[in-house]
Amino acid sequence: MMILSIQSAVAYGHVGNSAAVFPLQRIGVEVLPVYTVNFSNHTGYGAWRGPLIPPDEVADVITGIEERGIFPEIDVVLSGYQGGEGIGDVILDAVARVKAANPNAIYACDPVMGNADTGCVVAPAIPILMRDRVVPHADIITPNQFELGFLTNTDPSTLEETLLSVDLVRATGPSVVLVTSVLRPDRTDGTVEMLAVDANGAWIVQTPLLPITVSGSGDVTAALFTAHYRGTGDAGDALARTTSSVFDLMATTHERGGRELALVESQEFYAHPRMQFGVHRIR
């Protein structure tokens, strides 16, 4: 499998491609990372250095890849955080060109906007761009529950409301939806859930809610789920494998302490998920 991953990069820490590439490689995926920024560290530190790469320069790198004759071999285009409006056009153009070269290729979009605690953390134009232009072209999307609400102009809380919102967003284009950070009011205390839906059904998994928030975990989740789903077409299995790997990554990070993911230390959890959580089909 080969994935063209168009995301940010940092020298120190793990977000964007600096979070997604290694876990994908560890499960045997060939990754072509294209950087949209090249920062010293993620912006959550409040200070960083390095360039935001202009969209035309990002497009130039992608064209260079195309000129190597690689596009017919690309199975997935993956995108995450979009720092500016122009990069969306570059990504959509790349998706169109890859799909023209390989009609079986898919586009997986992590529509990063924010979360229920922080609200939107991107430029005001980005959520609208995601909802109206980018997400309709995606085959797989991986929003959290808050982002799902924005994409559908809903406020999902219960499982039924979340499923309804998933159906609404699937009607706009994406066939596969992974909803992260599902916090329904009737869940068991101290837990969090993830929900995966495709044309064959819907599956949910519950894990302990760890007392930790670390940048980059969503990037790892989107990358692993996309690769597992593209490999098998089984949403329930992809959900189980991704949940297992990411939970153990987060648990290891929590045990170690610090502000960055224990990405390398946790590598065996990607290659050999323990499959410790039951995934339940709910429709």
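For the structure, see preceding data.
Now for a description of the structure that goes with this document. (Residues numbered from 1 in each chain as written. Predicted model: local features only at pLDDT ≥ 70, side-chain atom pairs only at ≥ 80, totals over all residues. Heavy atoms only, no water.)

Now for the pattern of salt bridges. Two side chains carrying opposite charge are able to pair once their charged atoms lie near each other. Applying the stated criterion across every chain yields a total of 13 salt bridges. For the salt bridge of Arg97 with Glu66, the shortest nitrogen-to-oxygen distance reads 2.5 Å. Of this pair, Arg97 sits in helix H3 (residues 85–101) while Glu66 sits in helix H2 (residues 55–67), placing them 31 residues apart in sequence. Residue Asp132 pairs with Arg131 through a salt bridge whose shortest N-O separation is 2.8 Å. Under the relative-accessibility criterion, Asp132 is labelled partly exposed at 44%. (Salt bridge = Lys/Arg side-chain N within 4 Å of Asp/Glu carboxyl O. Helix = DSSP H or I, 4+ residues; strand = E, 2+ residues; numbered from the N terminus. Buried < 20%, exposed > 50% of the residue type's maximum accessible area, 1.4 Å probe, protein only.)

Here the focus is H2. The terminal C-alpha atoms of H2, which comprises 13 residues, lie 18 Å apart, in line with the 18 Å expected from a rise of 1.5 Å per residue. Along its buried surface, H2 packs onto strand S1 (2–10), strand S2 (30–39) and H3. The positive-phi residue at the C-terminal boundary of H2 is Gly69, with phi of around 75°. (Expected span 1.5 Å × (residues − 1). Contact = heavy atoms within 4.5 Å.)

Axis separation between helix H5 (residues 145–152) and helix H6 (residues 159–170) bottoms out at 9 Å; the angle between their running directions is 50°. One way to sum up the angle between H5 and H6 is to call them oblique. In this structure, H5 meets H6 at a crossing whose hand is left-handed. Residues Gln145, Leu148, Leu151 and Thr152 of H5 pack against Thr162, Ser165, Val166, Leu168 and Val169 of H6. For the contact of H5 with H6, a count of residues per class yields five nonpolar, four polar and no charged. (Axes fitted to C-alpha atoms, helices over the stretch in contact; angles between N-to-C directions. Parallel < 35°, antiparallel > 145°, perpendicular 65-115°, else oblique. Left-handed = near helix turned anticlockwise from the far one by under 90°. Nonpolar A, V, L, I, M, F, W, Y, C, P; charged D, E, K, R; others polar.)

With that settled, consider unusual backbone geometry. Here the phi dihedral of Ser181 falls at roughly 55°; this positive angle occurs in a residue that is not glycine. Position of Ser181 among the secondary structure elements: in strand S8 (residues 176–182). In this structure, Met275 is a non-glycine residue whose phi angle is positive, near 55°. Within the secondary structure, Met275 is located in the loop between helix H9 (267–271) and strand S11 (279–281).

The values are spatial; any link to function lies outside them.
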